[in-house]
Amino acid sequence: QLEDLPVGAGFHAAYTLPLEGLDTYVEYGFSENELVKTKNALRSDASILRPRIMPGLFKTAQDNIAKGIADLKLFEIGHVFNLPFDENLQPVETNHLSIVFAGGEDSRPTGVKRDFDVFDAMDTARSIFAALKIENVTFEAITHKGFHPTRTAKIMVDNVEVGFVAQKLGEDKL
């Protein structure tokens, strides 16, 4: 199963809420009219159905870092919701895999800690695609709001964009 691949690579499963506030997604380049809003939100900071998992995982990683857990590898497989609405007035709902690295890891046999970087994310993506027997995977440099301008790349499979890898803007460790 797909979730076995990141677990086998040392990642821990996380479960984030599918509802966030508008500011969470504007930070990553979404405009208000691109997002699926709930009709009767109980709280304004939980009124948008997530179009991506990654912002929620970033929050989880930042919470762990604030509690002194600086080195971590998290993943989540979950539903995301995007426009346009279908004939039943439902948003497009798809499953996504998101992975977040923070801090670093012991690089045995030297025992020296090595900080994670965007190349670790690329290697993890390549490993997952290889395990799924998906070929013709390439990475193309892009810029994306909320992410480092020279450490961001879209993932292409047979010239179709299927995701991206990036370092969060303003963060040395995410």
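Everything below is about the structure printed above this text.
Residues numbered from 1 in each chain as written. Predicted model: local features only at pLDDT ≥ 70, side-chain atom pairs only at ≥ 80, totals over all residues. Heavy atoms only, no water.

> I'm lost on the pairing of strand E11 (residues 160–168) in this one. Help?
The two faces of the sheet receive side chains in turn, since in a regular strand these alternate between them. Pairing of strand E10 (residues 147–157) with E11 involves 7 bridges; the strand directions are antiparallel. In the sheet register, Ile155 faces E11, and the bridge partner there is Gly163. Between E10 and E11, which pair antiparallel in sequence order, lie 2 residues; one of them, Asp158, sits at a positive phi of approximately 50°. (Pairing = 2+ DSSP bridges. Helix = DSSP H or I, 4+ residues; strand = E, 2+ residues; numbered from the N terminus.)

> Just checking my understanding: could you explain the sheet that holds E11 for this structure?
Strands belonging to one sheet form pairs held by backbone hydrogen bonds; the direction of such a pair is parallel or antiparallel. Taking strand neighbours across the sheet as the criterion, the 3 strands line up as E9-E10-E11 in an open arrangement whose pairing is antiparallel. The open sheet has two edge strands, strand E9 (137–141) and E11, and neither has a second partner. Between one strand and the next, the sheet's axes are offset by a mean angle of 25°, whatever the strand orientation. Most of the contacts of helix H4 (residues 118–131) go to E11, to which it runs at about 150°, and overall it touches E9, E10 and E11. (Axes fitted to C-alpha atoms, helices over the stretch in contact; angles between N-to-C directions. Contact = heavy atoms within 4.5 Å.)

> Is there a simple way to explain a nonpolar patch on the surface in this structure?
On the surface, a nonpolar cluster with roughly 270 Å² of combined accessible area is contributed by Leu2, Leu97, Leu132 and Ile134. Residue placement: Leu2 occurs in the segment before helix H1 (4–8). (Patch = residues over 30% accessible without salt bridge, like charges linked within 9 Å, V, L, I, M, F, W, Y side chains within 5 Å. Areas by Shrake-Rupley, 256 points an atom, 1.4 Å probe, with all protein chains shown as cover. Salt bridge = Lys/Arg side-chain N within 4 Å of Asp/Glu carboxyl O.)

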